[in-house]
Amino acid sequence: MTILSSNSVFFRQPYFFKKHDATRLHYDLRLGWNGTLLSWAVPEGPSYCVEDRRDAIRMENHRREYGSFEGVHPTGTIMLWDRGMWELHPDCGDIETGLRMGMLRFTLYGEKLKGLWKLTWDGRRQANGREIWMLSKEPDLFARDKASRSILEEAPDSISTNRSLEEIRRDWFMGRKTRNSGPTLF
Ligand code: MN
C-alpha cells in the first residue's frame, strides 16, 4: 500500500496567485504545502515566455485560509488573480530539498497559469535578508514566444469575481461585498 505524504512528488496542493496593489503593484505566488502557503512576491508578475526571469522574493509562509482572500487590506487592495492546484515535478525530489537547494520545478493547474514552471535561488538576498528567487516558464506546449501578448494584460482581472482592482476597492468601501472580519496577514 502506498501512502502519499504531503511531501510526495505526486501530491497536488492548492495554488493561488494574488495581485496586490500595495505601495508598489506586485503579484504574490502562494503554493500550498504542509498546511501552510509557501509565498513569493513577484514584482513584475509571471510570464509565459521562457526567456523571462522574474524576481520572486521569498516571503514568510502564509496561512492557508487567506489564500482566496479578495478585498481591501491595510497594505492595499488584493485580488485573487489565479487559482488552482500545483504539484512538484517528479525530477525534483521533495519540496524541503528543493527549498534548501534553491530549485523547484512544478506543474501549475491554474485557470490562467498552466504547465511546467521553475523557481530557482542562486544565493542572492535583499538587504533585509530575504531570498531573491527567480520564477520562469519551462518549455512546453503552454510556453509563449516574446512576440505574444502578456498573460498579465490578456487576463488582468479576478479569477473568482472578474473584477478589476478598482472594482474590488469600490465594492469594498460601498459594503457590497461581505467583509472578511478575521485578521489578515499579507
Ligand atoms: Mn503582497
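See the structure above.
Numbers given to residues run from 1 along each chain, matching the order in which its sequence is written. In keeping with the model being predicted, local features are shown solely for residues with a pLDDT of at least 70 and side-chain atom pairs are shown and tallied solely at 80 or more, while totals for entire chains, interfaces and linings include all residues. Only hydrogens and water are removed before side-chain values are computed, so all heavy atoms of the structure are retained for them.

A.B. asks: Just to check I follow, could you spell out the coordination of the manganese ion for this structure?
C.D. replies: The donor set covers N, O and S atoms within 2.8 Å of the metal, switching to 3.2 Å for Na, K and Ca, and it leaves out water, so a site may look short of donors. Coordination of the manganese ion by the protein is provided by His 20 (ND1), His 26 (NE2) and Asp 28 (OD), with metal-donor distances spanning 2.2 to 2.3 Å. Considered as a linear motif, the donors of the manganese ion on their single chain read H-x5-H-x1-D. The pair His 20 / His 26 is uniform in exposure class, with both members buried. For every residue, the accessible area obtained with a 1.4 Å probe (protein chains only) is divided by the maximum for its type, and the residue is called buried under 20%, exposed over 50%, and partly exposed between those limits.

A.B. asks: Would you mind showing me how to read the pattern of salt bridges here?
C.D. replies: Pairing is possible between side chains of opposite charge, provided their charged atoms come close. Within this document, salt bridges are pairs made up of a side-chain nitrogen of Lys or Arg and a carboxyl oxygen of Asp or Glu, the two lying within 4 Å of each other. Applying the stated criterion across every chain, the model contains 18 salt bridges. When the shortest N-O distance is used, the salt bridge between Asp 91 and Arg 105 registers 3.3 Å. In this pair, Asp 91 is assigned in the loop between strand 6 (76–88) and helix 1 (95–101) and Arg 105 in strand 7 (residues 103–110), connecting sequence segments 14 residues apart. Exposure remark for Asp 91: the relative accessible area of 61% places this residue in the exposed category. Taking relative accessible area as the criterion, Arg 105 reaches 19% and is therefore assigned buried. The way it works is that DSSP assigns letters per residue, a run of H or I at least four long becomes a helix, a run of E at least two long becomes a strand, and they are numbered from the N terminus.

A.B. asks: In this structure, what is going on with the layout of surface pockets? I would like to understand it.
C.D. replies: Rolling a probe over the atoms, with the probe sized like a water molecule, indicates the empty space that remains. A 1.4 Å probe that fits but cannot get out identifies a cavity on a 1 Å grid over protein atoms alone, an open set with protein on both sides within 12 Å along at least five of seven lines counts as a pocket, and a residue lines either if it has an atom within 4 Å of a point. Grid points are joined across faces, edges and corners, and a volume is the space filled by probe spheres set on the points. Here the largest pocket defines a volume of roughly 280 Å³. What lines the largest pocket is a set of 17 residues, and nearest its centre among them are His 20, His 26, Asp 28, Ala 41 and Met 59. Of all the elements in the fold, those that place two or more residues in the lining of the largest pocket are strand 2 (25–33), strand 3 (36–42) and strand 4 (54–63). Note on residue categories: nonpolar means Ala, Val, Leu, Ile, Met, Phe, Trp, Tyr, Cys or Pro, charged means Asp, Glu, Lys or Arg, and polar means any other residue, Gly included. A per-class count over the lining of the largest pocket returns eight nonpolar, five polar and four charged. The residue inventory of the lining of the second largest pocket, partitioned by class, reads five nonpolar, three polar and seven charged.

A.B. asks: Is there a simple way to explain the environment of Glu 138 in this structure?
C.D. replies: Here Glu 138 shows up in the loop between strand 9 (131–137) and helix 2 (151–154). Residue classification places Glu 138 among the buried positions, given a relative accessible area of 11%. Note: C-alpha distance between Glu 138 and Tyr 48 (90 residues apart in sequence) is 8.5 Å. Glu 138 has contacts with Val 50, Arg 105, Leu 116, Trp 117, Lys 118 and Ala 143, leaving out every residue within four places of it along the chain. A contact between two residues is defined here by any heavy atoms of the two lying within 4.5 Å.

A.B. asks: Would you mind showing me how to read helix 3 (residues 165–174) here?
C.D. replies: Think of an α-helix as 3.6 residues a turn; residues three or four steps apart then line up on the same face. Within helix 3, burial applies to Leu 165, Ile 168, Asp 171 and Trp 172. All buried residues of helix 3 lie within an arc of 130° about the axis, which places them on one face of the element. Counted as exposed and oriented over 90 degrees from the buried face of helix 3: Glu 166, Phe 173 and Met 174. Here the buried face of helix 3 lies against strand 1 (13–21), strand 2, strand 5 (71–73) and strand 6. The positive-phi residue at the C-terminal boundary of helix 3 is Gly 175, with phi of around 70°. The arc under discussion is defined with respect to the helix axis, by the directions toward the C-beta atoms.

A.B. asks: Quick question: what am I supposed to make of the side chain of Thr 36 here?
C.D. replies: Tracing the sequence through the fold places Thr 36 in strand 3. Classification of Thr 36 as buried rests on a relative accessible area of 18%. In contact with Thr 36, other than residues within four places in its own chain, are Leu 31, Asn 61, His 62 and Arg 64.

A.B. asks: Help me out: how do you make sense of the pairing of strand 3 in this one?
C.D. replies: The side chains of a regular strand alternate between both faces of the sheet. Among the seven residues in strand 3, seven count as buried, and that is most of the element. Of the two faces of strand 3, the one carrying Thr 36, Leu 38, Trp 40 and Val 42 and the one carrying Leu 37, Ser 39 and Ala 41 are both buried. Paired strands, as defined in this entry, are two strands with at least two bridges between them according to DSSP. Pairing of strand 2 with strand 3, which is carried by seven bridges, proceeds in the antiparallel orientation. Its bridge partner being in strand 3, Asp 28 is matched across the sheet by Ala 41. Between strand 2 and strand 3, which follow one another and run antiparallel, lie two residues, and Asn 34 among them has a positive phi close to 55°. Sheet topology note: the strand 3/strand 4 ladder contains five bridges and is antiparallel. Pairing of Ala 41 across the sheet is with Ile 57, part of strand 4.

Any functional reading would require information beyond the geometric quantities listed.
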